[in-house]
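As a plain string of letters, each chain reads:
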Amino acid sequence: MISWRKHYKRGLIAIGLLLSTSASIYAQGDAKNGEKLFKANCTACHALDKQLVGPALGGIVDLIKKEQNLDTDWLHKWIKDNKALRASGDKYANEIFEKFNKTEMTAFPNLTDQEIDDILAYTSNPPAPEPAAEATGAGAADTNSVAALEAAKMQSMNSKIILLSLLAIGGLLIWLLLKLKQLVKLQQTDELTGLNATRAVSFGDLYRKYDYIGKGILVLLGIFAAYGLWNWLMWIGVYKGYKPEQPIYFSHKIHAGENKIDCQLCHSSAKYGKVSEIPSMNVCMNCHRTISEYNGKYMEPGKDKAFYDGEIQKIYAATGWDPSSQKYTGKTQPVEWTRIHNMPDFVYFNHAQHVVAGEQAILNSYNQKNPNAKIDVVCKACHGQVDTMNVVQMANDFTMGWCIECHRTTEVDMNNGYNKEYFKNLHDKLKKQYGSGAKITVDAIGGLECGKCHY
Ligand code: HEC
Ligand code: HEC
Ligand code: HEC
Ligand code: HEC
Ligand code: HEC
Ligand code: HEC
């Protein structure tokens with residue numbers, strides 16, 4: 001394993017060297033910074049290796065030189081303002097615009113020449129990815145680490161469990177076959193000696209009898225396998241405790257705890273939709289335009305005022321705010337928070353369903369189940385005591401089993417406006433079915449239906 005990794009790393013370095021010599025025609029830019037800029041501005045429409053909304057941009061500098069005899073000047077003009085370039089009558093600019101069915105590319109007048117050089121350096125010579133396992137510490141805080149962690153966990157779990165179940169099922173089947181064969185053999189000899197005797201039971205009768213037993217065992221095995229598979233699916237991918245480093249040391253304890261800032265001031269979309277989003281830097285600036293240093297009483301052990309002040313400065317670097325002149329310079333730097341919670345694409349989870357429609361039900365049920373640790377804010381039922389965390393971490397498993405367990409045990413609040421309207425008929429039916437005093441839990445309104453949570 002270790003030696004493999006070494007080779008892998010060496011291989012990467014070799015590939016990197018190869019690339020850097022072949023692509024050194026274009027080495028004015030800083031590819032690392034280019035990558036950041038590219039991810040922030042271009043990935044909505046471009047990839048390096050394939051066409052998305054716009055063409056693939058890997059090796060674009062060389063390509064354009066070879067095929068159109070255009071140099072980087074053209075690329076600068078195009079990226080800054082492709083519309084103006086087209087309007088100037090530039091032949092290739094109009095050609096490619098036509099070729100992409102006149103899809104407008106965004107203009108980027110804010111990108112400096114250096115930044116464009118960086119992006120182009122990245123497209124010519126993308127830095128080799130650091131192997132995830134090596135990137136402990138600060139380097140680990142990149143967006144890929146969630147996926148890597150997930151993939152690694154899934155892979156090892158999956159392969160182990162599949163292998164074990166296959167082995168077990170295979171073993172059982174072989175045993176079964178041998179047993180059946182033995183029985184049939186036994187029967188055959190019995191049959192031969194008994195042929196001239198009583199003929200009380202025919203071979204056929206016995207075969208049928210054992211055949212049924214065999215089928216019965218197979219069905220049982222099938223049920224066992226299905227049950228095992230189901231359990232496995234229910235509790236796969238346990239992420240509890242996942243806690244990546246973030247680009248700015250933002251403390252929920254200081255904001256939501258010490259300063260009692262409401263969760264929804266920052267995560268405002270939780271109320272309205274599917275996602276609850278990380279606030280944009282503008283939200284931070286609402287307060288930090290004036291709060292430029294940390295003067296709070298609370299200090300996390302190991303941190304001091306200078307550290308917190310430095311972190312606040314990062315907000316200014318990101319938004320291009322110059323605190324001395326109290327003006328925006330226009331030079332922004334995207335902050336890439338690492339997502340902590342991230343359901344697979346095939347899962348549909350909607351915050352509004354839980355934070356608005358389900359709020360009272362979840363609060364009541366949670367506080368009943370945890371009389372010693374009652375919560376006041378619905379978010380905490382799933383995300384834990386975020387207002388005590390300096391660094392947010394996953395407070396629950398966030399598996400399918402976790403969702404379903406809560407749906408099985410949480411009584412729906414049939415009296416809130418939303419449900420009263422939405423489930424009117426259903427409610428009457430349920431009352432008839434379960435009696436008017438019975439608990440109606442989320443599963444009764446469809447909370448266990450596959451289609452409700454899966455696309
Ligand atoms: C909103 C979508 C969109 C975004 C964002 C975008 N592009 Fe484009 N880009 C396009 C489309 C579409 C084309 C094809 C030409 C056309 O239709 O205008 C294109 C063409 C290009 C070309 C010409 C490629 C060729 O084969 O000649 C370059 C270079 C380019 N984009 C660079 C960038 C860079 C760098 C960024 C980020 C700073 C960026 N684009 C962001 C949509 C986009
Ligand atoms: C002042 C703004 C602010 C407030 C108030 C705030 N948050 Fe956050 N929250 C953030 C930022 C910024 C991040 C991303 C950085 C991080 O993970 O710490 C975040 C991240 C999170 C995450 C992890 C998101 C992910 O990546 O999956 C959760 C969960 C969360 N907040 C819940 C809460 C809860 C619950 C409250 C109220 C108790 C709250 N937040 C209050 C700004 C805020
Ligand atoms: C509602 C006002 C408000 C908003 C919005 C807000 N902050 Fe703060 N922030 C504060 C207060 C208050 C302090 C503590 C100042 C003190 O006690 O002197 C603070 C302190 C900080 C600190 C130093 C302590 C720590 O948490 O590490 C950082 C860094 C910080 N904020 C970053 C952010 C970021 C990033 C955002 C946007 C996601 C943000 N803040 C949004 C009010 C806010
Ligand atoms: C019923 C459980 C539940 C409740 C209640 C809940 N969340 Fe979440 N939250 C989740 C799940 C599940 C995800 C992951 C969603 C995904 O990846 O699609 C998530 C993700 C997030 C994220 C990451 C960004 C995103 O939307 O994926 C933030 C931020 C967040 N929640 C904040 C909040 C806040 C603030 C509240 C309270 C107003 C809240 N949540 C209430 C379960 C919950
Ligand atoms: C803390 C308890 C709790 C957890 C955990 C939870 N839910 Fe729910 N969920 C509820 C409640 C309560 C409702 C009913 C809301 C209402 O009154 O309409 C609900 C409703 C739903 C509905 C709508 C059902 C319907 O028939 O309209 C979906 C879909 C859903 N949840 C998905 C999820 C997913 C996906 C997860 C896990 C990622 C999850 N929930 C985790 C409590 C929870
Ligand atoms: C209350 C919401 C909910 C319901 C109902 C639900 N699922 Fe899921 N399911 C999830 C979530 C959340 C995940 C992702 C878990 C994870 O990432 O660990 C998931 C994952 C899965 C997976 C992939 C396994 C994995 O984790 O990669 C399969 C397959 C699946 N569900 C099948 C079903 C089937 C079949 C049903 C109906 C009998 C069903 N689900 C009902 C929430 C739900």
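Residues numbered from 1 in each chain as written. Chains lettered and ligands numbered in written order. Predicted model: local features only at pLDDT ≥ 70, side-chain atom pairs only at ≥ 80, totals over all residues. Heavy atoms only, no water.

An unreviewed UniProt entry lists the protein under the name Menaquinone reductase, multiheme cytochrome c subunit, with Chryseobacterium salivictor as the source organism.

So, on to the coordination of the iron atom of ligand 1. For the iron atom of ligand 1, the full set of protein donor atoms is His46 (NE2) and Met105 (SD), at a range of 2.0 to 2.1 Å. Taken together, the six donor atoms coordinating the iron atom of ligand 1 span angles of 87 to 178° at the metal, a pattern that classifies the geometry as octahedral. One end of the pair, His46, is in the loop between helix H2 (31–41) and helix H3 (60–68); the other, Met105, is in the loop between helix H6 (91–99) and helix H7 (113–124), with 59 residues separating them in the sequence. According to the relative accessible area criterion, His46 is buried, its value standing at 10%. (Donors = N, O, S within 2.8 Å, 3.2 Å for Na, K, Ca; no water. Tetrahedral: all angles 85-135°; square planar, octahedral: opposite > 155°, others 65-115°. Helix = DSSP H or I, 4+ residues; strand = E, 2+ residues; numbered from the N terminus. Buried < 20%, exposed > 50% of the residue type's maximum accessible area, 1.4 Å probe, protein only.)

So, about the UniProt feature "transmembrane region" (unreviewed entry) in the protein. Taken from the UniProt record, the annotation "transmembrane region" (unreviewed entry) applies to residues 161–178 and 217–238. End C-alpha atoms of residues 161–178 are separated by 26 Å, and the span's content is 100% helix alongside 0% strand. (UniProt positions renumbered as here; feature names shortened; annotations may be inferred.)

Around ligand 1, the surrounding shell holds 23 residues, and the nearest of these are Cys42, Cys45, His46, Tyr92 and Met105. In the model, a nitrogen atom of ligand 1 is placed 3.4 Å from a nitrogen or oxygen of the Trp78 side chain. Between ligand 1 and Thr103 there is a distance of 2.6 Å, counted from an oxygen atom to a backbone nitrogen or oxygen. For the shell around ligand 1, the secondary structure elements donating two or more residues are H3, helix H4 (72–80) and H6. Class assignment for the residues of the shell around ligand 1 results in 18 nonpolar, five polar and no charged. (Near = heavy atom within 4 Å. Polar contact = N/O pair within 3.5 Å; in protein donor to acceptor, adjacent residues only side chain to side chain. Nonpolar A, V, L, I, M, F, W, Y, C, P; charged D, E, K, R; others polar.)

Under the counting rule described, the total for this entry stands at eight aromatic pairs. Taking 5.3 Å as the distance between ring centres and 55° as the angle between the ring planes, the aromatic pair formed by Phe38 and Tyr122 counts as tilted. Highlighted residues: Phe38 in helix H2 and Tyr122 in helix H7, separated in sequence by 84 residues. Among the residues examined, Phe38 registers a relative accessible area of 2% and is labelled buried. Among the aromatic residues, ring-to-ring pairing joins Tyr249, Tyr294, Phe307 and Tyr308 into one connected group. Across from the ring centre of Tyr249, 4.8 Å away, lies the NZ or CZ of Lys303, which sits over that ring. (Phe/Tyr/Trp six-rings, centres within 6.5 Å; stacked < 30°, edge-to-face > 60°. Lys NZ or Arg CZ within 6 Å of the ring centre and 35° of its normal.)

Note on the iron atom of ligand 5: its protein donors are His354 (NE2) and His407 (NE2). The metal-donor distances range over 2.0 Å. Considering all six donor atoms around the iron atom of ligand 5, angles at the metal cover 89 to 180° and the coordination shape is octahedral. A residue pair is termed long-range when its members are at least 10 positions apart, and His354 in helix H14 (residues 351–357) and His407 in helix H17 (residues 400–409) qualify at 53 residues. For His354, a relative accessible area of 21% corresponds to the partly exposed category. For His407, a relative accessible area of 14% gives the class buried.

Okay, the side chain of Lys380 next. With respect to the element layout, Lys380 can be found in helix H16 (residues 379–383). Separated by 3.1 Å, the side chains of Lys380 and Asp376 make a polar contact. Ignoring anything within four residues of it in the chain, the contact list for Lys380 reads Ile375, Gln385 and Asp387. (Contact = heavy atoms within 4.5 Å.)

A contiguous nonpolar surface patch, about 350 Å² in accessible area, is contributed by Leu163, Leu164 and Leu167. Mapped onto the secondary structure, Leu167 falls in helix H8 (residues 144–194). The exposed category is assigned to Leu167, whose relative accessible area is 59%. (Patch = residues over 30% accessible without salt bridge, like charges linked within 9 Å, V, L, I, M, F, W, Y side chains within 5 Å. Areas by Shrake-Rupley, 256 points an atom, 1.4 Å probe, with all protein chains shown as cover. Salt bridge = Lys/Arg side-chain N within 4 Å of Asp/Glu carboxyl O.)

The topology assignment puts Thr329 in the loop between strand S2 (327–328) and H14. Given a relative accessible area of 53%, Thr329 falls into the exposed group. Discounting chain neighbours no more than four positions away, the residues touching Thr329 are Gly320 and Asp322. At 3.3 Å, the side chain of Thr329 and the backbone nitrogen of Lys331 are in polar contact.

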